[in-house]
Amino acid sequence: MAKKLKILIFPDPRLRKVANKVVKFDKSLQNLANDMLATMYDANGIGLAATQVDYHIRLVVMDISEEKNDPKIFVNPAYKVLDDYKLFEFEEGCLSIPGFNEIISRPDKIELIWQDLSGKEHKDCPEGLLTVCIQHEIDHLDGKLMVDYVSSLKRDRVRKKLLKDFKRK
Ligand code: NI
C-alpha cells in the first residue's frame, strides 16, 4: 500500500538541495514513486518532485489529466529548449508554497529525455501544460523554486507568511 509522505514547505532549506541522479532501478524506487503519487493526489497537486518529500534523487511524478487517472513517472528527467520556442505564461502553484500562485513565463518548446522505472530511456517533445509542469519539477530537483522567479520583496513576503503559519501549527 502506498503511503502519504510529508511535503516540505518553503523556506525549508532541504528544498534547496540538488538531487542526485538515479542509478538503481529497484523496488524501493517503485515504492517511492507510488508513495509520491499518493501524496500528490491527496494534496490535489498535478506534480511532485522527490526533493519536496525529502528524498534527494532525480524522480518526478505528475498527473495533468482532468480525471486524475493518468499518472506519469519521470526518472532523471532533463530537457533542452528548442530554438523556435516562445515564452508561455501560466499561473503556477506549488505544494511546497501553499497559498502562493504566480504567473511564470517558461519556454513552450522543449525536448525532454527521461527514464522509466525500469531504466528504459524515452525522448519526447511535450506540448502545453506538461511542458511548463516538467520545467517546474526539474527546477525542484535543482533546488530552485517558483519564488525565485519573482521579486525579492515578494519572496520575503511569502517567506514571512509561511513561517508565521508554520509557527501557528
Ligand atoms: Ni512545486
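Residues numbered from 1 in each chain as written. Predicted model: local features only at pLDDT ≥ 70, side-chain atom pairs only at ≥ 80, totals over all residues. Heavy atoms only, no water.

**Things to note about the nonpolar core**
Next, step 1: Met36, Leu48, Val53, Leu59 and Val61 are the most contacted members of the largest nonpolar core, which totals 15 residues.
Next, step 2: Within the residue set of this core, elements represented by two or more residues are helix H1 (27–42) and strand E2 (59–62).
Next, step 3: Element by element, the count of residues in this core is highest for H1, at six residues.
Next, step 4: The contacts of Leu59, once residues within four sequence positions are left out, are Leu29, Leu32, Ala33, Met36, Leu48, Ala49, Ala50, Ile73, Phe74, Val75 and Leu141. (Core = buried A, V, L, I, M, F, W, Y, C linked by side-chain atoms within 4.5 Å. Buried < 20%, exposed > 50% of the residue type's maximum accessible area, 1.4 Å probe, protein only. Helix = DSSP H or I, 4+ residues; strand = E, 2+ residues; numbered from the N terminus. Contact = heavy atoms within 4.5 Å.)

**Considering unusual backbone geometry**
Leaving glycine aside, a negative phi is the common case for residues, and trans is the common case for peptide bonds.
Next, step 1: Cis geometry marks the peptide bond from Phe10 to Pro11; its omega dihedral reads 5 degrees.
Next, step 2: Mapped onto the secondary structure, Pro11 falls in the segment before H1.
Next, step 3: Here the phi dihedral of Asn44 falls at roughly 60 degrees; this positive angle occurs in a residue that is not glycine.
Next, step 4: For Asn44, the position within the fold is in the loop between H1 and strand E1 (47–49).

**A short note on the coordination of the nickel ion**
Next, step 1: The protein atoms that coordinate the nickel ion are Cys94 (SG), His136 (NE2) and His140 (NE2), at distances of 2.1 to 2.3 Å.
Next, step 2: Counting residues between consecutive donors of the nickel ion along the chain gives the motif C-x41-H-x3-H. Separated by 42 residues along the polypeptide, Cys94 in the loop between strand E4 (87–92) and strand E5 (102–107) and His136 in helix H2 (residues 129–141) bring together distant segments of the chain.
Next, step 3: Assessed through its relative accessible area of 7%, His136 is described here as buried. (Donors = N, O, S within 2.8 Å, 3.2 Å for Na, K, Ca; no water.)

**Observations regarding the environment of Phe166**
Next, step 1: Structurally, Phe166 is set in helix H3 (residues 152–168).
Next, step 2: As a C-alpha pair, Phe166 and Ile9 span 157 residues in sequence and 8.8 Å in three-dimensional space.

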